[in-house]
Amino acid sequence: MGSEIRNVGIIGAGQMGCGIAQVAAVAGHRVHLYDLSAERVEAALATVNGNLARQVVSGKITDDARSAALALITGTSDVNDLASSDLVIEAATEDEAVKRKIYATVCPILKPEAILATNTSSLSITRLASATDRPERFMGIHFMNPVPVMKLVELVRGIATDEPTFVAAKQFVSTLDKVITVAEDFPAFIVNRILLPMINEAIYTLYEGVGSVDAIDTAMKLGANHPMGPLQLADFIGLDTCLSIMQVLHEGLSDSKYRPCPLLVKYVEAGWLGRKSGRGFYDYR
Ligand code: CAA
C-alpha cells in the first residue's frame, strides 16, 4: 500500500511544510504544497529552491536532481488541488481549532482511501482524528526542524489508526531517507516531551538570573555538546510553538513540573516569537 503513495499534499507552507515538500520531492513524490496565502506559498517555493541550490553546491545532490525535485512541487492556494493526493500531511500552525477547521474543509475533497496525517508536535492524535471523517486513516507523522537535515521522524498512531495506514506511512517515510521512531499518543510524544522541558528550564535559568543568554547557550553547547544552545533553539523552533507544547504538557499531564516559564509567556505576548518574527532571545533584525 505504501508504494501507492505517489501524490503527496502538504497543508501549510511554513518552515515545516516547506521542508516536508522538499524531502518528498527529492524522493520522487509528486507534491502539492497548499497554503491559504499565495504569498506564503511563493516564499516557500523560493526557500526550497535556495535549499536545493545549497545542496548542489555542497555536493549532496546533482543539479539534475535539483531540477527534477523542483518540477515535482506545485505550490497552490486552491485546496481542491489536494484532491488527487494519496497522502495529505497537515503542517499548519500548532492550534487545535485551526487544524479542526482545516480538516473540515479538506476531508470532503480527499479521495475516500487517502491518508490524512498531521505533523503536530504535541497534540493528541486521537482527538484530532475525531475531527476528521477517517480516524482509521489518520495518524501523526512528526518531522523535526530543519526537515531536510534532521534524520528523525516520529510516527504516532491514534487509537483508531488501522494497520494498513501505519504501514503505508512507514513505507512513505522510509523513502525519504529518514529514521523512524514510534511513539505512543501521549502529550508531545517522545522528542518534545524531553526537549521542551529542557528548553523551558533554560528559560527559567535566564528568568531567575542564573546566567545570561550567552552564558546559558555557551554552557549547553560546550558543556553538553548540543549543536545549538537551548535559547537559540527556542528561537529557531518559534517561541509560540515552544509555549503551546509546554501548555499541552502542563494540561495533558497535570504536573507543575511542566509549567511554562512566565518569561516565555511574556515574550510570546510581546510578539517576540524568535527567528521568524525577527526577535526572541536574540535579535535577528
Ligand atoms: N533548512 C535546510 N537546511 C539547513 C537549514 C535549514 N533551515 N539550516 C541548516 N541547513 C543545512 C545547511 O545547508 C548545511 O547543509 P550542507 O551540509 O549541505 O551545507 C547543514 O544544514 C549544516 O548547516 P550549517 O553548517 O549552516 O550550520 P550548523 O552546522 O550549525 O547546523 C543545524 C545547523 C543543523 C540547524 C544545527 O545547528 C542543529 O542540528 N541544530 C539543532 C536542531 C534541532 O535540535 N532540531 C530539532 C528541533 S525540535 C523539533 O523540530 C521538534 C518540534 O516539533 C518542535
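Here the structure is a predicted model, which is why all the values come from computation and not from measurement. (Residues numbered from 1 in each chain as written. Predicted model: local features only at pLDDT ≥ 70, side-chain atom pairs only at ≥ 80, totals over all residues.)

**Digging into the UniProt feature "domain: 3-hydroxyacyl-CoA dehydrogenase C-terminal" (unreviewed entry) in the protein**
UniProt tags residues 189-284 as "domain: 3-hydroxyacyl-CoA dehydrogenase C-terminal" (unreviewed entry). For residues 189-284, helix accounts for 61% and strand for 0%, while the C-alpha atoms at its two ends are 31 Å apart. (UniProt positions renumbered as here; feature names shortened; annotations may be inferred. Helix = DSSP H or I, 4+ residues; strand = E, 2+ residues; numbered from the N terminus.)

**Topic: helix α1 (residues 15-26)**
Its 12 residues give α1 an end-to-end C-alpha distance of 17 Å, which sits within 8% of 16 Å, the value for a rise of 1.5 Å per residue. Among the 12 residues of α1, 12 are classified as buried, and the element is accordingly described as predominantly covered. Those residues of α1 lying buried are Gln-15, Met-16, Gly-17, Cys-18, Gly-19, Ile-20, Ala-21, Gln-22, Val-23, Ala-24, Ala-25 and Val-26. In the segment just after α1, Gly-28 is the residue with positive phi, at about 95 degrees. (Expected span 1.5 Å × (residues − 1). Buried ≥ 20, exposed ≤ 12 C-beta atoms within 10 Å, placed from the backbone.)

**Side note on the domain arrangement of the protein**
When the domains of the protein are assigned, the result is domain 1 (2-183) and domain 2 (193-276). Here the C-alpha centroids of domain 1 and domain 2 sit 27 Å apart. On the side of domain 2, six residues touch domain 1, which itself brings five residues to the contact. Among the residues making up the side of domain 1 that touches domain 2, the classes are represented as one nonpolar, three polar and one charged. (Domains from an automatic or database assignment. Contact = placed C-beta atoms within 7 Å. Nonpolar A, V, L, I, M, F, W, Y, C, P; charged D, E, K, R; others polar.)

**Describing the sheet that holds strand β1 (residues 7-11)**
Read from one edge to the other, the open sheet built from eight strands follows the order β3-β2-β1-β4-β5-β6-β7-β8, with strand pairing classed as mixed. Each end of this open sheet is capped by a strand with a single partner; those strands are β3 (73-76) and β8 (179-183). On average, each strand axis in the sheet is inclined to that of its neighbour by 25 degrees, with strand direction left out of account. Here strand β4 (residues 87-90) pairs with strand β5 (residues 115-118) via four bridges, running parallel. Bridge assignment links Ile-89 to a residue of β5, and that residue is Ala-117. (Pairing = 2+ DSSP bridges. Axes fitted to C-alpha atoms, helices over the stretch in contact; angles between N-to-C directions.)

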